[in-house]
Each structure stands twice: as structure tokens, then as C-alpha cells.
Amino acid sequence: MEHSLYVLLVLLDYGTHAGTYGTNSPTERPTDGTNSIGYNAFRVLLRDIHSPSDYNFIIQGFLRLFTCMHNHYTVTQQSPSILSMATLSISTYSYTQITCIQELIFLLWSFINENTYFLSYCMIHHSNELLDIVVIILNSMLSNRHISKQANYIYLCTFILLRLSQERSFSLLLNTPYNTTTNPNPNPNNSSSTNPKPSIQLISNELSLFHGTYGDLYYIVICKLINTTDIQYYNINHCLLSTMSNTSPYIKYICPTTALKLILLYERLSDIDYLCNKESNYIHLSLLVDVYRNIIQYQFDANPAVLYSIYKSKEKFIRFHRYQLDPDAIELPVGIGIGGSSSG
């Protein structure tokens, strides 16, 4: 399986994005772009997959492999990195080792990036499977954020989350209740049972307990990543906050635990030392304020916990609003005045 994955990624790596030399509409005949610079027939084949049976097979395969990785680490928890080893269950007591989880994530990114209909189909027909994969990605990011050699993996997972957040359908999916319990007395003969299947659980014990939706889980994990991630992952903060900003207009309910995490994140991002530490840090605070603005503007009635947390922390917002930076305290290069003009 590993060798097949390596070969597939190598074949898909060459050339430019398939959308630059043809169409991927299932109702239109693809444009012949074989003479285009960077043309890759394998990217075109990936782009032109439109069969529901193919989509079903692909998403089920991704979920099976990701779930095996997740379940293996849940049982063993012997290594700080779930990327070092995962197991694919062949039968109840037989396992085959998987050592290419990063490549699997990259293949998922290739499908999302090349085939525009793949993501739309998954959101409509495989929403539960897509949410399970998102939980596993969040868990792996949380578990590997302090491991320097997994930097590329963390960045790639962030790009996948950012791409998903650009879809309105995904934002609406985050309103799905995050079920942490199983049905104690399942009735296999009752096909009309309304009991939802248990959600895939996070391995990390660092997160606070909550009762809410996948949106709550999504926001809590992102807040945790931003507040505790090593400095080498500093550049992903912008992407993570962008995912929150993109999804916030559609989150219908935020639980009190998530509201508290957002306030704690605001305290950090609005700290003057943090804002002055880097020129672009103000963008992070702007994105978080945009999250609050979207919640208040679009989901005001259903989010009393967010409004209450803002009210309880109003002094923090007022203090920052009234803050004035002392020009005499700004360290500028010699010969440069406050207005930016040279004195010499």
C-alpha cells in the first residue's frame, strides 16, 4: 500500500493545476490541453472523476485508513507521535503497519485541490465521514504540535482546514452535535432508531470537557493550538484564525466552554507585547474580532454564552479600545522620525 501511495503522489506531483488547462465539469467535454506547458495526464484523470461510486469508494477508503491510525494510537499511546506508526486492521486480531500517514494527508489534499466536485459530494452524501476525518486531523495536529520534525504535516493539515472553511456547506456541518456517548441498549432490529452514532473522540486529555457541536470542538482545538503551539508554527496562526472567521457566520450555537476559550484567546492576542512583537500580529486580533462580529451580527439570539462572556470581560475590550501607544516608547532606527521621514 505504501509503495502504491508513493507512486501515485509522484505521478500527481508533476505539472500545474489541472484546472489551468481544461474543464472538470461532468457535463462538458474536457478541453484538449496535451500541448500545454506543465500538462499532467494523471492530474486530468483525477480532476475528471465524477462517478458517485468512485467518490464513495475514495471517501470510505480515506476514513478507514485515518480511523485505523486513530484507533491504534488510542489503544497504545506509547509514542508521542501518531505519525510514526498506525495500524490497518485486516481482521479482529491481525494488523498491518502503516508508515505513510503524511503521504495520506497529502493525497487527501490533492483530491480536495484538484477535483472540485469531490468535496461537494462528500459534504452532501458523506457528511459524517468528513466530520470524522476532520476530528482525526485536529487530533493529530494537537498531538504533534511540539514535534519539530512534523512541521510540514502540521502546515498541510492547516491548509486542508482552511480549504474546508471556505465552503458554506462545511460551516453548516459544524452545527452537527458532537456525540460523546453511545446508545446503552442498541436495537439492531430497529432501523428507524434516532440515536446518532458516537463521534470519534479526541485522544488529548488537555482539552476541557464540553457539551456542544463539532463547531465547539473545532474552535476549542484551534484556540489550544494558537495558545500553546511552538514558535516554529507561528505562521499558521493566521490560517487558523481565518478558518474561524470563515465559519463563524454559520455557527448557530457556541457553548460556554468555547466562549471562555475565545475570551482567553482575545486576552492573548490583544496583549500589547504580543501586538508589538511582530508587525503583522494586529491581523490576528482583527480576525478574532471578526469572529465576534459575525456571531453577533448573524447568530445573536442563539449565542447567549458568547454575549455573556463579552459582558463579563467588557473591561478588557474597553481598556484595549482606549489604549494609546506612547510615541516616545517606540524604538526606531537612528535617523528615522515618527512620521517616517529621515532626519538627515
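In this text the structure is predicted, and so the values were computed from the model without any measurement.

Right, let's get into the overall build of the protein. Scanning the protein from terminus to terminus reveals 15 helices and 2 strands. Going through the 344 residues of the protein one by one, you find that 46% of them count as buried. Contacts spanning at least 24 positions in sequence make up 72% of the contacts within the protein whose residues lie at least 6 apart. As displayed, the protein offers around 18600 Å² of accessible surface, 55% of which is attributable to carbon and sulfur atoms.

The next subject is a nonpolar patch on the surface. A contiguous nonpolar patch, built from Val7, Leu11, Phe42 and Leu45 and spanning about 360 Å² of accessible area, is present on the exposed surface. The set of elements that each furnish at least two residues to the nonpolar patch consists of helix H1 (2-13) and helix H2 (41-47). By secondary structure assignment, the location of Phe42 is in helix H2. On the basis of relative accessible area, Phe42 is assigned to the partly exposed category, the value being 41%.

Right, let's talk about the pattern of salt bridges for a bit. Enumeration according to the criterion identifies 5 salt bridges in this entry. Taking the shortest distance from any N to any O, the salt bridge between Arg43 and Glu114 comes out at 3.4 Å. Here Glu114 lies in helix H4 (residues 101-114) and Arg43 lies in helix H2, a separation of 71 residues in the sequence. For the residue pair Arg43 and Glu114, the accessibility class agrees, reading buried in each case. Among the ionic pairs, Arg47 bridges to Asp48, the shortest N-O distance being 2.9 Å.

The next subject is the packing of aromatic side chains. A ring pair, where both rings are aromatic, is described by two values, the distance of the centres and the angle of the planes. Scanning all chains against the criterion turns up 11 aromatic pairs. Pairing Phe62 with Phe66 gives two aromatic rings, centres 6.3 Å apart and planes at 20 degrees, and the pair type is stacked. Of this pair, Phe62 and Phe66 both sit in helix H3 (residues 52-76), 4 residues apart, which is roughly one turn of the helix. Residue Phe62 is classed as buried on the basis of its relative accessible area, which comes to 4%. Given a relative accessible area of 0%, Phe66 falls into the buried group. Between Phe111 and Phe118, the aromatic rings sit 5.5 Å apart at their centres with planes inclined by 50 degrees, giving tilted as the arrangement. Of the two residues, Phe111 and Phe118, neither departs from the other in class, the shared state being buried.

For the structure on display, the rule yields 2 cavities of 30 Å³ or more. Of the voids in this model, the largest cavity is the one considered here, and its volume is about 50 Å³. Looking at the largest cavity, the residues that line it are Ile59, Leu108, Ile112, Phe118, Leu119, Cys122, Leu130, Ile133, Val134, Ile137, Ile160 and Leu164. Elements that contribute at least two residues to the lining of the largest cavity include exactly H4, helix H5 (116-125), helix H6 (127-144) and helix H7 (151-165). The element that contributes the greatest number of residues to the lining of the largest cavity is H6, accounting for 4 residues. Along the lines of polarity and charge, the residues of the lining of the largest cavity split into 12 nonpolar, no polar and no charged. By volume, the second largest cavity is sized at about 30 Å³.

The subject of this paragraph is the packing of helix H11 (residues 256-269) against helix H15 (residues 314-322). When two helices pack together, their arrangement is captured by the angle between the axes and the distance separating the axes. The N-to-C vectors of H11 and H15 enclose an angle of 25 degrees; their axes lie 11 Å apart at closest approach. In this view, H11 runs roughly parallel relative to H15, as classed from their interaxial angle. Judged by the twist between their axes, the crossing of H11 over H15 is left-handed. Along its contact with H11, which presents Ile263, Tyr266 and Glu267, the element H15 presents Lys316, Phe317 and Phe320. For the contact of H11 with H15, the class distribution of residues is 4 nonpolar, no polar and 2 charged.

On to the nonpolar core, then. The biggest cluster of nonpolar side chains holds 86 residues, and the ones touching the most others in it are Phe62, Phe66, Leu108, Phe118 and Tyr218. What Leu108 contacts, discounting residues up to four positions off in sequence, is Phe62, Phe66, Phe118, Ile133, Ile137 and Ile160.

The next point concerns the layout of surface pockets. Any empty space left between the atoms is revealed when a probe the size of a water molecule rolls over them. In this structure, the largest pocket occupies an estimated 330 Å³ of space. Lining the largest pocket are 13 residues, with Phe57, Gly61, Leu65, Leu104 and Leu107 positioned closest to its centre. Within the lining of the largest pocket, the residues separate by chemical class into 10 nonpolar, 2 polar and 1 charged.

A separate point is the environment of Ser165. Residue position: Ser165 is located in helix H7. Measuring from C-alpha to C-alpha, the distance between Ser165 and Ser245 comes to 8.7 Å, with 80 residues separating the pair along the chain. The residues contacting Ser165, other than those within four sequence positions of it, are Phe170, Ser171, Tyr218, Thr243, Asn246 and Thr247. In terms of polar contacts, Ser165 uses its side chain to reach the backbone carbonyl oxygen of Leu162, at 2.7 Å. A polar side-chain atom of Ser165 sits 3.1 Å from a polar atom in the side chain of Asn246.

The periodicity of an α-helix, 3.6 residues per turn, causes residues three or four positions apart to be oriented the same way. For H7, built from 15 residues, the straight-helix expectation of 21 Å at 1.5 Å per residue is met to within 8% by its first-to-last C-alpha distance of 21 Å. Among the 15 residues of H7, 12 are classified as buried, and the element is accordingly described as predominantly covered. Buried within H7 we find Ala151, Tyr153, Ile154, Leu156, Cys157, Thr158, Ile160, Leu161, Leu162, Arg163, Leu164 and Ser165. Here the buried face of H7 lies against H4, H5, H6, helix H8 (168-173), helix H9 (214-228) and helix H10 (236-247).

Conventions we followed
- Residues numbered from 1 in each chain as written.
- Predicted model: local features only at pLDDT ≥ 70, side-chain atom pairs only at ≥ 80, totals over all residues.
- Heavy atoms only, no water.
- Helix = DSSP H or I, 4+ residues; strand = E, 2+ residues; numbered from the N terminus.
- Buried < 20%, exposed > 50% of the residue type's maximum accessible area, 1.4 Å probe, protein only.
- Contact = heavy atoms within 4.5 Å.
- Areas by Shrake-Rupley, 256 points an atom, 1.4 Å probe, with all protein chains shown as cover.
- Patch = residues over 30% accessible without salt bridge, like charges linked within 9 Å, V, L, I, M, F, W, Y side chains within 5 Å.
- Salt bridge = Lys/Arg side-chain N within 4 Å of Asp/Glu carboxyl O.
- Phe/Tyr/Trp six-rings, centres within 6.5 Å; stacked < 30°, edge-to-face > 60°.
- 1 Å grid on protein atoms, 1.4 Å probe; cavity = no way out; pocket = protein on both sides within 12 Å on 5 of 7 lines; lining within 4 Å.
- Points joined across faces, edges and corners; volume = space filled by probe spheres on them.
- Nonpolar A, V, L, I, M, F, W, Y, C, P; charged D, E, K, R; others polar.
- Axes fitted to C-alpha atoms, helices over the stretch in contact; angles between N-to-C directions.
- Parallel < 35°, antiparallel > 145°, perpendicular 65-115°, else oblique.
- Left-handed = near helix turned anticlockwise from the far one by under 90°.
- Core = buried A, V, L, I, M, F, W, Y, C linked by side-chain atoms within 4.5 Å.
- Polar contact = N/O pair within 3.5 Å; in protein donor to acceptor, adjacent residues only side chain to side chain.
- Expected span 1.5 Å × (residues − 1).

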